[in-house]
Amino acid sequence: TCLSGTSKNACQSEQHLGQYYTVPASHFHTVFPHGLPPRYQQQVKTFNEGCVMVRQPALELISHLKRADYINPTLRYLLYGVKGSGKTMSLCHAVHYCSTQGWLVLHIPDAHLWVKNCKELLPSSYHASRFDQPIQASNWLRNFRTTNEHFLSKIKLRQRYVWTKRESTEEGRPLGELVDMGVSRVKSSSDVVGAVLKELRLQAGGTEGGFRLAVAVDGVNGLWGRTTLKKEDKSPVAPEELTLVHNLRKMINNDWCGGAVIATLSQTGSLYAPSSAYLPQELLGEEGFDSMDPFIPVPVSLYSEKEFESCYLYYLDRHWLQHPHSQTEEGKKELIFLSNRNPSVLERLCAFL
Amino acid sequence: MAAHTLKKSIWSIGRIHCHVYGVNVRNPLNRATYATALSTNHSSQNKGFPDRGNRGPFNRRSRREAGDPRTDRMPVDQDWTTVYPTATPFRQGSVPLPVRMGFPVKKGVPPEKKGNLELIKIPNFLHLTPLAIKKHCEALKPFCTEWPSALDTGAKCDEHFPIKVESKDYVSAGTSLRNPSARIVHLRVSLSACVNYDYAMYLLTVLYHESWKMEAWESEKTVADMEEYSWEDSPSQKNIMSTLVRMQVAGEGEGEAVREELLGRPEVQEYRDSVTRLKNEGESESSMHQYRDAVKKLLNL
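Residues numbered from 1 in each chain as written. Chains lettered and ligands numbered in written order. Predicted model: local features only at pLDDT ≥ 70, side-chain atom pairs only at ≥ 80, totals over all residues. Heavy atoms only, no water.

Looking at an unreviewed UniProt entry, one finds chain B named Mitochondrial ribosomal protein S35, with Oncorhynchus tshawytscha as its source organism.

Chain A is annotated in an unreviewed UniProt entry as Small ribosomal subunit protein mS29 of Oncorhynchus tshawytscha. Check the Subcellular location (unreviewed entry) section of the UniProt entry for chain A; it says "Mitochondrion". Under the UniProt heading Sequence similarities (unreviewed entry), the entry covering chain A gives this text: "Belongs to the mitochondrion-specific ribosomal protein mS29 family." (UniProt positions renumbered as here; feature names shortened; annotations may be inferred.)

Encoded structure:
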């Protein structure tokens, strides 16, 4: 059948390929406040449950994460594939695994959101030539707080941070205080994000009270390349001039240890990239590739026959396919032909039926 | 009362006539039509319109109905070259295809061909079907001369005409006539066909020695100028070296010895090959797989 009983993703293995596992409803708000693809969120609301298919790329990722040695420098994994093949879903699957294993998850839902459509660009107080993005930073901090509630009181700061003449956060205070300050004082939220990332980088994999850090970035190719933001004299802003991007790039480097970086490439939402591009070097560019190198590319392909069967049976089971013709063999062949087994196209097609 | 009815009768006569001539004109020339008490019963035909003979205000009499479009009467095996013998603008009544062109109407499809200016504006090649071109060739044949029968093999052509010049022309729709790739012209000469062997050797020797001379500005060549990707001293090499050192793979020891040892390892060589292949040849699924395997081996996964 298509629904597997195991909701424990630690025990997922090759036998479960193609089957669905249910994410407990309570996890949705904590683990995924921001990060699931919008259509999938609608599906979850409609079906009143969240089922994720167990697929090869995610299983591979999880097996690497299980076996990796966390004393070594961080391993970077890059999910790539054509549009709609399931990269974001695989990323979310891996994030869910990390979260159930007790890791601290740093999930950036779409790095492209930080390099375009920013209404307010403030010059950074910390570094003269950089720019802050208060709205994006405070939104992200809020979601980060929801995801990692239990860590916020446990992690203590190792350094004193001075925000203004009167405000500072002392050494030894819990991380939660820093995050709250960032959410309330929107002006310095970008610097707070930088401080949070730095603290986590230093403390991940530490021996006393150590935790594992998973950095999940969707659309990582947005960090290199061009932005659509302009300074006041209409000259374009380079990505490294944005505080958020600068700090995130430091996280993606492998000069820290005790965690993993899982990233996906995304053409939808990317700027100045042709719509047929999906291979890593095309989307990352020279600079991006050199920064990510060495990384482990994980290809995400379209549904195999078995996976397609499973998805089709799942939709039938949920009575999502109402049209009588879609329930016949002929109809199934038509669906295969029309969607070419592309997961997102299939989902959109079935929405009409 | 009488005047009133007279006015009504005049109007009604005018309207009846309008109906007869198939045109619904109310007050076409914007002339105030008066109703006078006297009955102005001059020729009832052109009420209110000056006499223009049979041309009428809008030539409504001699205009004939537009008939069916020609497409309705086209057999499937017709001779298309008669429909479009020369380059003419698109005629929607002559093209039996349900073509649509243009920006879609809101919540709809591109507009149909009837009355579509977009289809008329663009150049069309309806007059150049393969059959038409065959006919053109047939017509041009009497004016052509025969290929010389002595040049029937490629070898003979090369012997008599050793220098070949190849130039390319590009056709595209765009803002500019010019295409930079059209400026590349290939000139091919076979060395064995050269009659003046000594001079040719002399030229080649000179070129060879010239190419070895280093100009002052050549030392300013940057990484971006390089034709090929070389792995030495690239960011990729630096990254992998620092990663491996930190992984303490090489054991103790510092500096050059460690580096040399690491570089000599087969996994590092494999990695170097895969990165060079990716950068030089461009990406493909197979080169990505090779890179993946190399990285996995290197990082002991």
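Asks: Any chance you could explain the overall build of chain A here in plain terms?
Replies: Scanning chain A from N- to C-terminus turns up 13 helices and 11 strands. With 353 residues in all, chain A has 53% of them scored as buried. In chain A, the proportion of contacts linking residues at least 24 apart, taken out of those at least 6 apart, comes to 72%. Taken as a whole, chain A presents about 15,800 Å² of accessible surface, with 52% of it coming from carbon and sulfur. (Helix = DSSP H or I, 4+ residues; strand = E, 2+ residues; numbered from the N terminus. Buried < 20%, exposed > 50% of the residue type's maximum accessible area, 1.4 Å probe, protein only. Contact = heavy atoms within 4.5 Å. Areas by Shrake-Rupley, 256 points an atom, 1.4 Å probe, with all protein chains shown as cover.)

Asks: How should I be thinking about the interface of chain A and chain B in this particular structure?
Replies: Size of an interface: often given as the accessible area lost when the parts come together. Listed as interface residues are 24 residues of chain A and, on the opposing side, 21 residues of chain B. Interface area, chain A with chain B, both sides summed: about 2,100 Å², of which 57% is carbon and sulfur. Looking only at chain A, the three residues that lose the most surface to chain B are Gln281, Asp293 and Pro294 of chain A, adding up to 24% of its buried area. With its nearest N and O atoms 2.7 Å apart, the salt bridge here joins Arg292 of chain B to Glu60 of chain A. If you tally residues by element for the side of chain A that touches chain B, the top one is helix α10 (residues 280-292) of chain A, at 6 residues. Partitioned by chemical class, the residues of the side of chain A that touches chain B number 13 nonpolar, 4 polar and 7 charged. (Buried area = accessible area lost by both parts, 1.4 Å probe. Salt bridge = Lys/Arg side-chain N within 4 Å of Asp/Glu carboxyl O. Nonpolar A, V, L, I, M, F, W, Y, C, P; charged D, E, K, R; others polar.)

Asks: Teacher, can you tell me more about the sheet that holds strand β11 (residues 296-299) of chain A here?
Replies: Hydrogen bonds between backbone groups are what pair the strands of a sheet, and the pairing can be parallel or antiparallel. Residues and elements named next belong to chain A. The strand order across the open sheet formed by 5 strands is β4-β9-β10-β3-β11, and the pairing between neighbours is parallel. Where the open sheet ends on each side, the last strands, each with one partner, are β4 (104-108) and β11. Direction aside, the axes of adjacent strands within the sheet are offset by 15 degrees on average. By the bridge criterion, 6 bridges tie strand β9 (residues 213-218) to strand β10 (residues 259-264) in an arrangement that is parallel. By the bridge assignment, Val217 is partnered in β10 with Ala263. (Pairing = 2+ DSSP bridges. Axes fitted to C-alpha atoms, helices over the stretch in contact; angles between N-to-C directions.)

Asks: For this particular structure, what's the right way to read the pairing of β9 of chain A?
Replies: Each regular strand shows side chains that alternate between the opposite faces of the sheet. All names here are of chain A. Most of β9 sits out of view: 6 of its 6 residues are buried. Because side chains alternate across β9, one face comprises the buried residues Leu213, Val215 and Val217, and the other comprises Ala214, Ala216 and Asp218, equally buried. Both β4 and β9 contribute to a ladder of 5 bridges, which runs parallel. Each bridged residue has a counterpart across the sheet, and for Ile108 the counterpart in β9 is Val217.

Asks: How should I be thinking about a nonpolar patch on the surface in this particular structure?
Replies: Residue and element names in this part refer to chain B. Taken together, Ile163, Val165, Val185, Leu187 and Val189 make up a surface patch of nonpolar side chains, about 480 Å² in accessible area. Listing elements by their share of the nonpolar patch, those giving two or more residues are β1 (163-167) and β2 (185-189). For the nonpolar patch, the element with the most residues is β2, which contributes 3 residues. Relative to the assigned elements, Val189 resides in strand β2. With relative accessibility at 43%, the residue Val189 sits in the partly exposed group. (Patch = residues over 30% accessible without salt bridge, like charges linked within 9 Å, V, L, I, M, F, W, Y side chains within 5 Å.)

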